[in-house]
Amino acid sequence: MISRSSTRLITDNRTASPLTSLLRPRTWWRSRLGQVPHLVLVMVIATCAAVVTLRLPQRCDLYSPVSSLMTTRSMHQSRIPLTRTKLRRAFAAQLVRRPRITNSRPVDVPVATEPAVETKAAGIDELPRVAVDLEMPTQYDFTSVEQDLYKWWESNGYFKPMNDESSTSRKSYVIPMPPPNVTGYLHMGHALFVAIQDILARFHRMLGEPTLWLPGTDHAGIATQLLVERELAKENLTRQDIGREAFLKRVWAWKHEKGGYITEQMKRLGASADWDREKFTLDPELSDAVVEAFVRLHQKGLIYRGDRMVNWSPNLQTAVSDLEVEYEDRPNGKLYYFKYPLAGQDGYLPVATTRPETILGDTAVCVHPEDPRYKHLIGTEVVVPMVGRKIPIIADDYVDMEFGTGALKITPAHDPNDYEIGKKHDLDSINIMTKKASMNGNAGNYQGLDRYECRNQLWKDMEEEGLTLNITKHATRVPISQRGGEMIEPMVSTQWFVDAKGMGDKALSAVRSGDVKFVPPRFERMWDYWLEDIRDWCISRQLWWGHRIPVWHVVKDDGSLLSDDRMGTEEQQQGYVVARNEDEAYEEARKVYGKDVQLKQDNDVLDTWFSSGLWPFATMGWPNTDTDDYKKFYPAAILETGYDILFFWVARMVMMGMELTDTPPFETIYLHGLVRDGQGKKMSKTTGNVIDPIETIDKYGADALRYSLVTGGAPGQDVPLSMEKVEGNRNFANKLWNAGRYLVQMIEGANISDQEREELAVKGTIEREELDELPLAERYIVSRLHDVTEKVSAALHDHKIAEAGALAYDFLWNQYTNWYLEATKVHVNRKGDADYKHTSLKTLVYVFDNCLRLLHPFMPYITETLWQRLPHEGEALMVASWPYKGENLARNTEAEDKFALLQDIVNAVRSARAEYKVEPGKKVAASILVADEENLESLKEEKDVLAFIGRIDESTMNLTAFENYKAPEGNTVKLVIREGVEAYLPLAQMVDVEKETARLNKQAEKMLKDIDLLNKRLSSKGFVDKAPPAKVEETRQQLEDKRAQLATITETITQLSA
């Protein structure tokens, strides 16, 4: 495991070499170099460089610090004087930019690589230049940071769970990543889950918890096989043409060539997952777990083979899950009305259907038992048109008497609702279609026709026989195969199923007992609704790519399968064996069917959701529950995913976890919504509103996209995303950057020693005693910081991610930069107050460092880059301590209130300036009256800050008590700030009286004309008598408003003339 020591140096024999002292961390060099005279320093550097050059091979990454220093871009281009402090820092910065020396070579024989040059891109062992260069650009350049910084994080092992003495006793925080399709590409849904999960992982990692975010990809049976079959089609081949083995080789080759893109794309977003643990659902150990799960569930009697209704995809030639079915609204559908002739008597029963072709498979007609139109026909029979088969008329209250004719044709083999009615009434089930959705032999004369061709031909034939009534327009919802694109055909098919009722009850119990909690809680109702009425789960797919079902069928002498004969019978032996491998299958089969038995493995593969349902525990070593990973990292802390797969994946994980491990696989289920465009519309290629996450990152940066995604709404709600929002958050990143740039420049210009600089680093929280000794502005900002720190922490613990992000954003933007940062511009210029300047600088570092920690989970790249430039303790912000771990942080609400008074005064003055359109650069006089003596003294303490931020002329500003105030000559603008606090601004300084009077006179003239016009209208009898009363009343109201406005203008003109 890579060492996290600050030198990041590993040797075989642990013996220090002459290079070891050169490869010290930057802070070590700063502390030592600060004691060396300038000339001696240069001589030592030159000597060291010469020794290093002699000792090292020609091709070596450890280049001369002196030569690099003399050509450093920040030194050369900006022509900064090479002071002793800057020389020391630049030299130290060059020393930490070194190659990793692995333990495969002696330390004094580095890995041979190309000589390093100044223009060389940052390697995996280096921080990006922008994090260490002396000069900071005025705009944050995310392109020079993100990818190199990510490599630096990953290469130093920061994404791995802590494994030291301090962490072994702590509970692990585990997030199993929902495995995306291995051949997929990143879309905004992926980007949303990456952002949310990375925020949670980074937060808990900073809390000091051993944090594992486990990544992986899914083999995506249908999607991947379909892609490869399309490639085969270009060669005029099918998978059947080349055979199963050759086809699977092609798919694996495709996976190796095309797979993995999505992993790299997730890294672009900053995903701090432990990629060394990345899993693939077809990895050998996971495949073994899938087989074991199937065997155990079968042994429990929970897996069986039978004929049941499934969603059949004619194009894909397989059953598909409900998730792979999309519903298309067709407003111009048709409802066909026809006659069902009564058997043995004259007359007919009128019936309506949207699918006439299924008439051929009808086995009953159903009416409501209380329908007076048909009640007398219940128990009689009708004749199937064009077939002649007699079927019964049955009664069931499922029938809607108001829909169609009130008589419902029942086709149990081709409609899920009819299938349930058929089971209830013990009806026959007649399959009239092949797997390709063409008509089979049960369709009689229509055999061989496509289902839509059959529809047209059958209706035409029925018209000729006088059996049709009419056709009406009828809006329908049609099930469409997500992958195949054709209409799904509900069909009874032989498949493997899981009896889900008992497992569903266990999943229900896990939530009701509180062992599993939902975020947001409202999804518990949906959970109950679905699991209380859960159906058996079809787990077989007629594919070749996937986990082949571990069942071996007994082959009869004629080549047919014994299991086909015995399915549905009472035979104890069903003609197949379930085993973990072929050898075990033959061993078990010979015990029952004799030593000469011949076996054939089932052709089907398992539903992808079956294998992904094992994801939380199979990835931890299950079925071996004695592994360290299983003991430490199972169950997981949280499962975060979209609400759209709550039942297809989440429920099945809980069901499988409860059944196979007797433990819920995670404690919390966090469900996010869908990402929509800025107008709330669903993104689709058809409407052209799809936003590509990688293109967005390239344009605005990963931090801006992440923050935009997670602050768009509450858990479970859809997230509207617009480019304007992303751009706004890119601008926030720039504001954060410039706040950091201001602080770095202050530190560089403070003329302090390296030791004093290092003492600025945050080493803990400011306690109450220290807080109370600070000046007002510092007490205020630290107290507010502590308040927002507790609130952000609480929100993240409660999974209120949007709220946490908004709190951190608001504090940094509206408190730190807009107020305290502006105040420090005054503080540092106060003459003769060195202690105050140091206090301000230390407070700036403390508050900004903590802001970076609060924002790091949301915007990891820019916060890490800025933190590296500050005086700090530790290697990386992403593994630094979270600023709040449960203890109450020191607060001074009195200071907050007093500074809030200053803010209220400034805001009132700003509003008045805006109202009177005072030029931004112009300062005005002000008299500020304060009743409370303590508040007055506090304002006097920050008088220069009040004047600077409020654009008030400090030399004429009067801060006084009410009783000492003497009103100046001329008119003033009175501002009531709060009870006991008022401000007076000379009107003459706010406006140009002559210009303002002329402007107001013009407004008054226009107003008089408007009033005259309205008076004439209301004096007109024709208007008052004929216009609608509402219109007359509206005109009267307009007249009153105009008169009120004229009065205000007149009063203002009078005041200006006084």
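Residues numbered from 1 in each chain as written. Predicted model: local features only at pLDDT ≥ 70, side-chain atom pairs only at ≥ 80, totals over all residues. Heavy atoms only, no water.

Draft legend 1. Inspection of the packing of aromatic side chains at higher detail. According to the stated counting rule, one finds 32 aromatic pairs in the structure shown. Aromatic side chains F518 and W527 sit 5.3 Å apart centroid to centroid with 65 degrees between the ring planes, which places their arrangement in the edge-to-face category. Residue F518 is classed as buried on the basis of its relative accessible area of 4%. Site record: aromatic cluster; members linked through ring pairs are F294, W496, W537, Y576 and F610. Lying across the ring of W254, K258 places its NZ or CZ 5.4 Å from the centre. (Phe/Tyr/Trp six-rings, centres within 6.5 Å; stacked < 30°, edge-to-face > 60°. Buried < 20%, exposed > 50% of the residue type's maximum accessible area, 1.4 Å probe, protein only. Lys NZ or Arg CZ within 6 Å of the ring centre and 35° of its normal.)

Draft legend 2. Region of interest: the pattern of salt bridges. With the rule as written, the count across this model stands at 57 salt bridges. With a shortest N-O distance of 3.4 Å, K591 and E588 are connected by a salt bridge. Of the two residues, K591 and E588 are both situated in helix 19 (residues 582-593); the distance of three residues between them amounts to about one turn of the helix. Assessed through its relative accessible area of 60%, K591 is described here as exposed. You can call E588 partly exposed: its relative accessible area is 32%. Where K898 meets E894, a salt bridge forms, and the shortest distance between an N and an O atom there is 2.9 Å. (Salt bridge = Lys/Arg side-chain N within 4 Å of Asp/Glu carboxyl O. Helix = DSSP H or I, 4+ residues; strand = E, 2+ residues; numbered from the N terminus.)

Draft legend 3. Representation of the environment of T318 within the structure. Residue placement: T318 occurs in strand 6 (residues 318-320). Taking the C-alpha atoms as reference points, T318 and Q542, 224 residues apart in sequence, are found 4.7 Å from one another. If near-sequence neighbours (up to four positions away) are discounted, T318 is found in contact with I222, N311, W312, S313, R541, Q542 and L543. At a separation of 2.8 Å, a polar atom in the side chain of T318 contacts the main-chain amide nitrogen of Q542. (Contact = heavy atoms within 4.5 Å. Polar contact = N/O pair within 3.5 Å; in protein donor to acceptor, adjacent residues only side chain to side chain.)

Draft legend 4. Spotlight on the sheet that holds strand 9 (residues 348-353). Ordered in space as 9-8-14, the three strands form an open sheet in which the pairing is antiparallel. The open sheet has two free edges, formed respectively by strand 9 and strand 14 (468-473), since each of these has just one partner strand. Within this sheet the neighbouring strands show an average axis-to-axis angle of 20 degrees, counted without direction. Relative to strand 14, strand 8 (residues 334-341) is paired through five bridges, and the arrangement is antiparallel. Residue pairing for strand 14: Y336 is matched across the bridge by I471. (Pairing = 2+ DSSP bridges. Axes fitted to C-alpha atoms, helices over the stretch in contact; angles between N-to-C directions.)

Draft legend 5. View of the environment of P860. Relative to the assigned elements, P860 resides in helix 32 (residues 860-869). The sequence separation of P860 and L149 amounts to 711 residues, and the corresponding C-alpha distance is 9.8 Å. Residue contacts for P860: discarding those within four places in its chain leaves W153, D198, R202, D703 and R706.

Draft legend 6. Region of the structure containing the nonpolar core. Ranked by size, the top nonpolar core spans 166 residues in total, and within it Y816 and F848 carry the most contacts. In terms of residues, this core owes the most to one element, helix 8 (residues 188-206), which gives 12 residues. Contact partners of F848, with chain neighbours within four places excluded, come to L736, A739, G740, L743, L812, Y816, L866 and L870. Counting 63 residues, the second-largest nonpolar core is a separate cluster that includes V295, F617, W622 and M656. (Core = buried A, V, L, I, M, F, W, Y, C linked by side-chain atoms within 4.5 Å.)

Draft legend 7. Geometry of the side chain of R451. Summarising the element assignment, R451 is placed in helix 15 (residues 451-464). For R451, the residues in contact, after removing those within four places along its chain, are P314, E357, M433, A437, S438, M439, E486, M487, I488 and E489.

Draft legend 8. Local environment of the packing of helix 6 (residues 146-155) against helix 32. Here helix 6 crosses helix 32 at 75 degrees, and the two axes come no closer than 10 Å. Comparing the axis directions of helix 6 and helix 32 gives the class roughly perpendicular. On the side of helix 6, the interface is formed by E146, L149, Y150, W152 and W153, while helix 32 contributes P860, Y861, E864, T865 and Q868. Grouping the constituent residues of the contact of helix 6 with helix 32 by class yields six nonpolar, two polar and two charged. (Parallel < 35°, antiparallel > 145°, perpendicular 65-115°, else oblique. Nonpolar A, V, L, I, M, F, W, Y, C, P; charged D, E, K, R; others polar.)

Draft legend 9. Representation of the sheet that holds strand 24 (residues 636-642). Within the open sheet, the three strands sit side by side as 17-25-24. Their pairing is parallel. Because the sheet does not close on itself, it has two edges, and the strands there are strand 17 (517-519) and strand 24. Pairwise comparison of adjacent strand axes, ignoring direction, gives a mean angle of 20 degrees for this sheet. Of the strand pairs in this sheet, strand 24 and strand 25 (residues 666-672) are connected by six bridges, and their pairing is parallel. Residue T641 lies in a different strand from strand 25, and its bridge partner there is L671.

Draft legend 10. Representation of the pairing of strand 9 in the model. Pairing of strand 8 with strand 9, which is carried by six bridges, proceeds in the antiparallel orientation. Following the sheet pairing, F338 is matched in strand 9 by V351.

Draft legend 11. Main features of helix 25 (residues 702-710). Counting buried residues along helix 25, nine of its nine residues qualify, which places the element largely inside the surrounding structure. Burial in helix 25 covers these residues: A702, D703, A704, L705, R706, Y707, S708, L709 and V710.

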